[in-house]
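Overview (structure and organization)
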Amino acid sequence: MTTSRAGAGAGTGNKAAPKLKPQIFGRYLLLDRVASGGMAEVWRAKIFGADDFQRIIAIKKILPHVCEDQEFIQMFKDEAKITVQLQHANIGQVYELGKIDDTFFIAMEYISGKDAKTIWSFQRQRGEPLPVPLACFLIQKMCEGLDYAHRKRDNFGVDLKIVHRDVSPQNVLISWEGEVKVIDFGIAKAAGKASKTQAGILKGKFGYMAPEQVRGMPIDQRADVFALGVCLYEMVTGERAFVADSDFSLLEMVRNVEIKPPTLANNKVPPEVERIIYKALAKDPDDRYQWGSDLGEDLQRFMLMNGRAPSRNDLAEYLRQNFTVDYDKERLRMESYRDIEMPEQPKPRAADDPFANVNVGAPAAPAELDSSSSAVMAALAEDGASAPPPMPTPPPQAAPTAPRIPTAPAASNTGIRAAPGGRESIRPAAPMAPAAIPVAMPPPPAEPAEKGGLGKIALIALAVVLGIVGIAAGVGLFLRGSGTITISTSPPGAEVFLDGKLAGNTSQGDLVLQGVPVGPRIIKVTKQGYVPVTQSVNVARNQVAEAAIALPVPTALWSVKSKPGGAAIWLDGADTGKVTPADLELPVGNHTVELRLPNHRNTEKKISVEADKKQDLDVPLNATRVNYEIRSIPSGAKIFDVGNQQLGVTPWIYKDLSVDPPFPKVVLKYPRCADYDVTIAPDDREGVEQSRSFEMKCK
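Here's a quick rundown of the structure. The structure displayed is predicted, hence computed values, not measured ones.

**Looking at the overall build of the chain**
Within the chain, the secondary structure is distributed over 13 helices and 32 strands. Scored against the burial criterion, the 699 residues of the chain give a buried share of 44%. Look at the contacts in the chain between residues 6 or more apart in sequence, and 63% of them connect residues 24 or more apart. In the structure as shown, the chain presents an accessible area of about 36400 Å², 53% of it carried by carbon and sulfur atoms.

**Here we look at the state of the cysteines**
The tally for this structure, following the rule as stated, stands at 1 disulfide. The residue that forms a disulfide with C673 is C698, at a sulfur-sulfur distance of 1.7 Å. Note on the C673 and C698 pair: the S-S dihedral is about 100°, so by sign convention the disulfide is right-handed. A residue pair is termed long-range when its members are at least 10 positions apart, and C673 in the loop between β30 (665-669) and β31 (676-679) and C698 in the segment after β32 (689-695) qualify at 25 residues. As a non-bridged cysteine, C143 has C231 as the owner of its nearest cysteine sulfur, 9.6 Å distant. Given a relative accessible area of 1%, C143 falls into the buried group.

**As for the sheet that holds strand β6 (residues 103-109)**
An order of β1-β2-β3-β4-β6-β5 is seen for the 6 strands of this open sheet, with the pairing classed as antiparallel. With partners counted over all chains shown, the strands left at the sheet margins are β1 (23-25) and β5 (94-100), one partner each. Geometrically, the sheet is characterised by an average inter-axis angle of 40° between neighbouring strands, direction not taken into account. In this structure, β1 lies alongside strand β2 (residues 28-36), joined through 3 bridges in antiparallel fashion. Each residue of the ladder has a partner; that of Q23, found in β2, is L30. Contacts from helix α1 (residues 70-83) reach β3 (40-48), β4 (54-62), β5 and β6 within the one sheet, and its direction differs from that of β6 by about 30°.

**Some details on the environment of F206**
Examined against the element boundaries, F206 turns out to sit in the loop between β9 (180-182) and α4 (211-214). The class for F206 is partly exposed, based on a relative accessible area of 22%. Separated by 44 residues in sequence, F206 and L250 have C-alpha atoms that sit 7.3 Å apart. Setting aside residues up to four positions removed in sequence, F206 forms contacts with D247, L250, L251 and V254.

**Considering the sheet that holds strand β21 (residues 574-579)**
With antiparallel pairing, the 4 strands of this open sheet are ordered in space as β21-β20-β23-β24. Pairing within the sheet leaves two strands with one partner each, and these edge strands are β21 and β24 (603-609). Taking each pair of neighbouring strands and ignoring which way they run, the sheet shows an average axis angle of 30°. Relative to β24, strand β23 (residues 589-596) is paired through 7 bridges, and the arrangement is antiparallel. The residue of β24 that forms the bridge with L595 is T603.

**Quick notes on α1**
Over its 14 residues, α1 runs 20 Å from end to end, which matches the ideal 20 Å to within 8%, given 1.5 Å per residue. Looking only at α1, the buried set comprises F72, I73, F76, D78, E79, A80, I82 and T83.

**Quick word on the side chain of R222**
With respect to the helices and strands, R222 occurs in helix α5 (residues 221-237). On the accessibility criterion, R222 (14% relative accessible area) is buried. Looking at R222, its side chain comes within polar contact range of the side chain of D220, at 2.9 Å. R222 has contacts with E212, P285, D286, R288, Y289 and Q290, leaving out every residue within four places of it along the chain.

**Here we look at unusual backbone geometry**
With an omega of -5°, the peptide bond between K563 and P564 qualifies as cis. Mapped onto the secondary structure, P564 falls in the loop between β19 (555-563) and β20 (568-571). Geometrically, the link from T650 to P651 is a cis peptide bond, its omega value of -5° lying close to zero. Within the secondary structure, P651 is located in the loop between β28 (646-649) and β29 (652-658).

**What to know about a negative patch on the surface**
On the surface, a cluster of negative charge is contributed by D51, D52, D339 and E341. Relative to the helices and strands, D339 is located in the loop between α11 (324-338) and α12 (370-382).

**A short note on the packing of aromatic side chains**
For the structure shown, the criterion picks out 7 aromatic pairs. Ring centres of F122 and F323 lie 4.8 Å apart, and the angle between their planes is 45°; this geometry places the pair in the tilted category. On the criterion of sequence distance, the pair formed by F122 in helix α2 (residues 116-126) and F323 in the loop between α10 (312-322) and α11 is long-range, its members being 201 residues apart. Residues F122 and F323 agree in their burial class; the two are buried. A centroid spacing of 5.6 Å and a plane angle of 55° characterise the contact between Y676 and F694, whose relative ring orientation is tilted. Remark: F694 occurs in strand β32 and Y676 occurs in strand β31; sequence separation between them is 18 residues. For F694, a relative accessible area of 13% gives the class buried. Here R151 stacks its cationic end above the ring of W291, 4.1 Å away from the centre of that ring. Positioned above the aromatic ring of F640, the side-chain terminus of K669 is 4.9 Å from the ring centre.

What counts, and at which threshold
Residues numbered from 1 in each chain as written. Predicted model: local features only at pLDDT ≥ 70, side-chain atom pairs only at ≥ 80, totals over all residues. Heavy atoms only, no water. Helix = DSSP H or I, 4+ residues; strand = E, 2+ residues; numbered from the N terminus. Buried < 20%, exposed > 50% of the residue type's maximum accessible area, 1.4 Å probe, protein only. Contact = heavy atoms within 4.5 Å. Areas by Shrake-Rupley, 256 points an atom, 1.4 Å probe, with all protein chains shown as cover. Disulfide = S-S within 2.5 Å. Pairing = 2+ DSSP bridges. Axes fitted to C-alpha atoms, helices over the stretch in contact; angles between N-to-C directions. Expected span 1.5 Å × (residues − 1). Polar contact = N/O pair within 3.5 Å; in protein donor to acceptor, adjacent residues only side chain to side chain. Patch = residues over 30% accessible without salt bridge, like charges linked within 9 Å, V, L, I, M, F, W, Y side chains within 5 Å. Salt bridge = Lys/Arg side-chain N within 4 Å of Asp/Glu carboxyl O. Lys, Arg positive; Asp, Glu negative; His and termini not counted. Charge placed at Lys NZ, Arg CZ, Asp CG, Glu CD. Phe/Tyr/Trp six-rings, centres within 6.5 Å; stacked < 30°, edge-to-face > 60°. Lys NZ or Arg CZ within 6 Å of the ring centre and 35° of its normal.

Right, here's the structure in full:
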């Protein structure tokens, strides 16, 4: 189970996607299930972040009934721990290994497209294999990803010795953009791996195993090279490399490498590709390509020698033309996901959560306020109210308001509570006009009051109320207070907004804002030509909060390619660590891109990056030294230098020849043919492998 099936749409036709019922899974939102097997299932999922950030990923979950299978769980963990270390354009990325409610899961890259097995089956139904150049390009990209894994070292420089052991068309994905990704390192072998494979236990698909793997012998990266050779054979021929009536017979065929010659299975397979297949499928590992890069280089050399080599765009165009319905359905599916938000989580009611209104960081009331607070308590007691139970302190951003005066002993939303250390603090009640505050008046006297007595009582009560309001407001303001924010920006000269209002700019240096109310404040910084930044700053009473904000330059995506590929990409004089073809996220502005490839001239290109505009840079590289093959008609002519010393017999390769003059001269001689003088003048635009044929005049 893996993300490999994430791009395959079910059914046919451009019908609207079914109504989704997303499920919350930890910090992820599961959208719909992609595939399910006996041990695990894969879901499309969405992850959310700040400022409307969202991303579609894949979640691979262990099914409940195998949670007790410790061997499978360990293999599941190994897959994540191995793959998370592999960050390469041709390997499916793993982001996280986690556990939610006893369910292990892997969060990984969502790859929308088709797996190579689906493509192979599609071509088989059409009665013709995948075009040879596309098949070679596909396998070459697999070689790049696996070679990276084979050579991977940990942070201490120790070789991890990773071997995939399950390389097959099912475990390679081709995205709609033409990207090739090797996936499913579930049974990979690596040094230091927690679960060790027992001797004699075969793991993987028999038809893609190397002979030494079938024999139960120790294996290394060359076992994966053999599997790559099987994949290449099947892609260019449209047939299985090993077919038998039983597993025993199949293993015997693999052990002895019994395959039909590729050119017999498909007469359109060039002899050079057949040679590459045979070398990759050598029975003895020492006779094979030793590394995936060796196989990939031979495939690339073949493609370059036979016209324009395919690119990622060619593979993308092939997919979209031949799987149009699935591609359209996937676009509709992505559109349907766009507006799905994470559901609001139910919040506990205040009555159920004793800490709902507690502000852990609220300062206690100062000592000098104790008497005032006691006076408020006394006023309430005299007014017929009993002391209320303690209440939590409010968050610092709550506005100070007058306390509600209870009219009955059972009232519990008063603004008074006992503070730590014997003090008391104010808990603001809901805002209310003083005239609306209920006051517990004393019962009317049994005897008629003196003239004006009732008015005096009313005035006294009103004075008490207004005094309480004033005391509460003053205490609240004292507790809240204000602070200072110092804001610096890089670059300077940016406008600063505080809680949505323009507060100043940093053109003269740091901006100092005084008298800022305590609590969290939102700062937004803008400057033309830069991406705005919004940041939260917590202001404490009588404290200085500092905010150093760097404004990022807007970027745009550039696709950098070269002919031939594999060139190191340098940007503005610094190595990016990437090789062509690669996508670079470049800051807006003018830049210099330099491509460096052994035996080729370093090539510089000036580019201008514009915001939100994806562009392509395709650079032909000129060779500096070449291997120049001399052919003759008829073949077998002897080659002599100007000193009449024989160099060889055609076809013959003049190795490591400079493309700059002076150029060497040779003479071709053949019985009953006139001597043929040749000046070997390579063309630096034609790559490192060049050849010329010369027809001799014969009797």
